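Chain by chain, the residues run as shown.
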Amino acid sequence: MRWRGGTSAAAMAAVLARGLARGWAARGALRAGQRCVAVPGGPDGEVGEARRAAAAGEESGGQPTIFSKIIARSVPATILYEDDKCLVFRDVAPQAPVHFLVIPKRPIPRISHVGPQDTELLGHLLVVAARTAQAEGLADGYRLVINDGKHGAQSVYHLHLHVLGGRQLGWPPG
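Residues numbered from 1 in each chain as written. Predicted model: local features only at pLDDT ≥ 70, side-chain atom pairs only at ≥ 80, totals over all residues. Heavy atoms only, no water.

*Asks:* Quick one: what's the story with the pattern of salt bridges, residue by residue and with numbers?
*Replies:* Evaluation of the coordinates by the stated rule reveals six salt bridges. The salt bridge partner of Lys 105 is Glu 82, with a shortest N-O separation of 2.7 Å. Placement of the pair is Lys 105 in the loop between strand S5 (98-104) and helix H5 (119-135) and Glu 82 in strand S3 (residues 79-82), with a sequence separation of 23 residues. By relative accessible area, Glu 82 is classed as partly exposed at 30%. One salt-bridge network, held together by shared partners, links Arg 73, Glu 82 and Lys 105. (Salt bridge = Lys/Arg side-chain N within 4 Å of Asp/Glu carboxyl O. Helix = DSSP H or I, 4+ residues; strand = E, 2+ residues; numbered from the N terminus. Buried < 20%, exposed > 50% of the residue type's maximum accessible area, 1.4 Å probe, protein only.)

Okay, here's the thing in structure tokens:
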């Protein structure tokens, strides 16, 4: 497999590993006693945010989102990986010891808005999620989550994959 600029997958994995190693070193003390934040699902939590976003018409995709601002570097984020198609960064309110987001650089408001032309991009997002999960040490497994619309508790209308792991996750999720 070749990455942007003809870079081999092995070379890209090495770059990713070096970047992640720097991130691990930077958060070294956090790893041992890392804390996860449980966000309530009620009207004041993520569900409430999703309702507010839908009521504000954000699902139409017309306004810049927090994610487009992270892509533009006008809002800071702990970036784990980037290529010409996507960006991976840590969630600011982690729900597991490891919680990061994979987003396409091209804004797609919802997973329900994708079409056949998005097949390659969606596959790429999944491959990047899997490789980043491996680099983050999630060999025992992890969960991928895509929220869609108000009833799916989507609070940011820019397609994003949550990757959660580092502990036993419960089922059913919600």
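*Asks:* Residues and numbers for unusual backbone geometry, please.
*Replies:* Excluding glycine, residues mostly carry a negative phi; peptide bonds, for their part, are mostly trans. In this model, Trp 171 is joined to Pro 172 through a cis peptide bond whose omega is 5°. With respect to the element layout, Pro 172 can be found in the segment after strand S7 (161-165). The phi dihedral of Arg 73 is positive, around 70°, even though this residue is not glycine. Mapped onto the secondary structure, Arg 73 falls in the loop between helix H4 (66-71) and S3. In this structure Arg 73 comes out as partly exposed when scored by relative accessible area, which is 44%. The phi torsion at Ala 153 lies on the positive side, around 65°, for a residue other than glycine. Within the secondary structure layout, Ala 153 lies in the loop between strand S6 (142-145) and S7.

*Asks:* Could you give an account of the environment of Gly 45, with specific residues and numbers?
*Replies:* In this structure, Gly 45 sits in the loop between helix H2 (28-32) and helix H3 (46-55). As a C-alpha pair, Gly 45 and Ala 153 span 108 residues in sequence and 9.8 Å in three-dimensional space.

*Asks:* Break down the pairing of strand S4 (residues 86-90) for me, citing the residues and quoting the values.
*Replies:* Burial within S4 is extensive, with five of its five residues counted as buried. Side chains Cys 86, Val 88 and Arg 90 of S4 all project onto a buried face; the interleaved residues Leu 87 and Phe 89 project onto the opposite face, where all are buried too. Pairing of S3 with S4, which is carried by three bridges, proceeds in the antiparallel orientation. Residue pairing for S4: Ile 79 is matched across the bridge by Phe 89. Taken together, S3 and the strand that follows it, S4, pair antiparallel across an intervening segment of three residues. Here five bridges tie S4 to S5, and the two strands are oriented antiparallel to one another. Counted as the bridge partner of Arg 90 is Phe 100 from S5. (Pairing = 2+ DSSP bridges.)

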